[in-house]
Amino acid sequence: MKNIFRFFLLVILISFSSQTIQGQVYNANYAAVVNQCSNSNVLNNLTEYEALGVKRRGTVALDNTLTWLKNKYLSYGYTASQITEDSYTYTGSTAVCKNLVVTKIGTVYPNKFIIIDGHYDSLNGTGTNDNGSGLVCILEVARLLQNIPTQYSIKFINFSGEEDGLFGSQHFVSAVVNATTPKMDIKLVFNLDEVGGVAGLVNNTITCEHDISAPTTNNAASDAVTNELITCVGLYSPLSTFLDRAYSSDYMPFQSNNEVITGFFEKNETTHKHTTTDFLIYMDPTYNYNVAKAAIGAMLHFAVVDTSLTNEEFKSGFQGSIYPNPANDTLYVNCGKLDRNYSFKLIDLLGKTIITKSFEMASQNEAISISEIPKGVYLAVIESDGNKYTKKIIIN
């Protein structure tokens, strides 16, 4: 029995080592997730968003929309501790506005973030296209990725104050991104704004936006991720793509901060934005659904699904991490959503258990000394409440 275990352990570790998870080819597992995107969810969420009214600063409608968004994330399985409100005011208004930030921790790079964002305020009308259409895409991404371990952390951000001059995103960059010590490490910012299409037209193309503005030091990286975005659209949706510049939306304060940005915008542009007639009846919900599928595929690619996890983990959503990897003297276990009573094992290539530890009422992060462990490849195993989670670990 031990020999059989050792054989399968070797096969697993070797296969994990040889996988090229960054290669941008069609991934059947990604497609299976994308295909769970719900057309009815998109339509229902658009309908609910429209019914909330005109979402200007200081209005009950804006507050109700914030509550509506929070309840959506909670219904998808995100916890209250993952959801924060970023409050601010700005010149010309005494109203307190709030950005909503939902954080999903990565398994390999917990301190490096993919930001997917869209604003939830509106101007003059209900803003069902501008930008309920972007919000419903982000909600589908959040719903489907909630239980999927990703190597990079994700922040789902719903900004307010966009229609008054990008105030919400400007505040977040200055008061959160740059005020974090060290500065928040952002891999890329993926902005969705006005992606609902135009009723009665053939809506089969999504505009993919890249950075061509100063500072130019981030432009090449923006080109690279936008090309990856274009490829994802082709792999996971029926849409064609059109390349255009990024401008006048919530990614621009990040762009000015020298972050890498990309984005989606509808190719057929509505004539109803910023008017009292920005309604669902003038949109194409099927197009909005196809954009959501493209966004899901792109986020699976950008955040990198952790293929070192078992299928059981992929489904169950550990939501924690074992890091750093490779490691030197200390491994850290972030227990994520696990029960605080769990066991940890480190197993070598021959199936021998090198370390065994049991934790009762563990803290969120526990340190495990590996300073005496020989260099090599190991399998870390966490068991909690009948569930088992495994991860390949390299010790230098």
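This write-up is about the structure you can find in this document. Here, residues in each chain are numbered from 1, in the same order as that chain's written sequence. Since the coordinates come from a predicted model, pLDDT governs what is reported: local features require at least 70, and pairs of side-chain atoms require 80 or more to be given and counted, while whole-chain, interface and lining totals use all residues. Each side-chain value is worked out from all heavy atoms of the structure, with water and hydrogens disregarded.

## Topic: the overall build of the chain
Part 1: Secondary structure follows DSSP: runs of H or I at least 4 residues long count as helices, runs of E at least 2 residues long count as strands, and numbering of each begins at the N terminus. A tally of regular secondary structure across the chain gives 10 helices and 15 strands.
Part 2: The classification of residues rests on relative accessible area computed with a 1.4 Å probe and restricted to protein chains. Under 20% of the type maximum is buried, over 50% is exposed, and intermediate values are partly exposed. Counting only residues that meet the buried cut, the chain has 54% of its 396 residues in that class.
Part 3: At a minimum sequence separation of 6, the contacts of the chain that also span at least 24 residues come to 76%.
Part 4: As displayed, the chain has an accessible area near 16,200 Å², and 53% of this comes from carbon and sulfur atoms. For this analysis, residues touch if any pair of their heavy atoms sits within 4.5 Å. Computed by Shrake-Rupley with a 1.4 Å probe, the accessible areas treat only the displayed protein chains as cover when residues are assessed.

## Regarding helix H6 (residues 167-177)
Part 1: Looking at H6, one finds that the buried residues are Gly168, Ser169, His171, Phe172, Val173 and Val177.
Part 2: Contact partners of the buried residues in H6: strand S1 (83-90), strand S2 (93-104), strand S3 (109-119), strand S4 (152-159), strand S5 (185-192) and helix H8 (252-256).

## Some details on the sheet that holds S5
Hydrogen bonds between backbone groups are what pair the strands of a sheet, and the pairing can be parallel or antiparallel.
Part 1: In this scheme, strands are said to pair when DSSP sees at least two bridges between them. Spatially, 8 strands are ordered S1-S2-S4-S3-S5-S8-S6-S7 in an open sheet, and the strand pairing comes out mixed. Edge positions in the open sheet fall to S1 and strand S7 (240-245), since each of these has one partner strand only. For this sheet, the mean angle separating the axes of adjacent strands, direction not counted, is 25 degrees.
Part 2: Taken together, the 6 bridges between strand S6 (residues 205-210) and S7 define a ladder with parallel strand orientation. For threonine 207, the partnering residue across the bridge sits in S7 and is phenylalanine 242. Lines are fitted to the C-alpha atoms to define the axes, a helix being fitted only along its stretch in contact, and any angle between axes, read from their N-to-C directions, falls within 0 to 180 degrees.

## So, the sheet that holds strand S9 (residues 321-323)
Part 1: Spatially, 3 strands are ordered S9-S10-S13 in an open sheet, and the strand pairing comes out antiparallel. Looking at the sheet topology across the chains shown, the edges are occupied by S9 and strand S13 (365-369). Between one strand axis and the next, the sheet turns by 20 degrees as a mean value, whatever way the strands run.
Part 2: With 3 bridges joining them, S9 and strand S10 (residues 330-334) adopt antiparallel strand pairing.

## As for the packing of helix H5 (residues 128-145) against helix H9 (residues 285-303)
Helix-helix packing is characterised by the crossing angle of the two axes and by the distance between the axes.
Part 1: Where H5 meets H9, the closest approach of the two axes is 9 Å, and the angle between their N-to-C directions is 45 degrees. It follows from the interaxial angle that H5 and H9 lie oblique. For the crossing formed where H5 meets H9, the hand is right-handed. Taking contact as the criterion, the partners of Ser133, Val136, Cys137, Glu140, Val141, Leu144 and Leu145 in H5 are, on H9, Asn288, Val291, Ala292, Ala295, Ile296, Met299 and Leu300.
Part 2: Charged residues are taken to be Asp, Glu, Lys and Arg, nonpolar residues to be Ala, Val, Leu, Ile, Met, Phe, Trp, Tyr, Cys and Pro, and polar residues to be all remaining types, Gly included. Looking at the contact of H5 with H9 residue by residue, the class counts come to 11 nonpolar, 2 polar and 1 charged. Angles are sorted into four bins: roughly parallel if under 35 degrees, roughly antiparallel if over 145, roughly perpendicular if 65 to 115, and oblique for all others. Should the near helix be turned counterclockwise from the far one by less than a right angle, the crossing is left-handed, whereas a clockwise turn marks it as right-handed.

## Notes on the pairing of S4
Part 1: The buried count for S4 comes to 8 of 8 residues, which makes it a mostly enclosed element.
Part 2: Sheet topology note: the S2/S4 ladder contains 5 bridges and is antiparallel. The residue of S4 that forms the bridge with valine 101 is isoleucine 157.

## Some words on unusual backbone geometry
Part 1: Of note, the bond from aspartate 130 into asparagine 131 is cis; its omega dihedral lies within 30 degrees of zero at 20 degrees.
Part 2: Mapped onto the elements of the fold, asparagine 131 is located in helix H5.
Part 3: The omega angle of the peptide bond from asparagine 325 to proline 326 is 5 degrees, so this bond is cis rather than trans.
Part 4: Locating proline 326 in the fold gives a position in the loop between S9 and S10.
Part 5: Here the phi dihedral of asparagine 124 falls at roughly 75 degrees; this positive angle occurs in a residue that is not glycine.
Part 6: With respect to the helices, strands and loops of the structure, asparagine 124 is situated in the loop between S3 and H5.

## What about the environment of tyrosine 26?
Part 1: Relative to the elements of secondary structure, tyrosine 26 occurs in the loop between helix H1 (2-18) and helix H2 (28-34).
Part 2: A residue is classified by how much of its surface remains accessible, and tyrosine 26, at 51% relative accessible area, is exposed.
Part 3: In the structure, tyrosine 26 is positioned 210 residues away from tyrosine 236 in sequence and 8.0 Å away in space, judged by C-alpha atoms.
Part 4: Ignoring sequence-local partners within four residues, the contact set of tyrosine 26 consists of Ala31, Leu235 and Tyr236.

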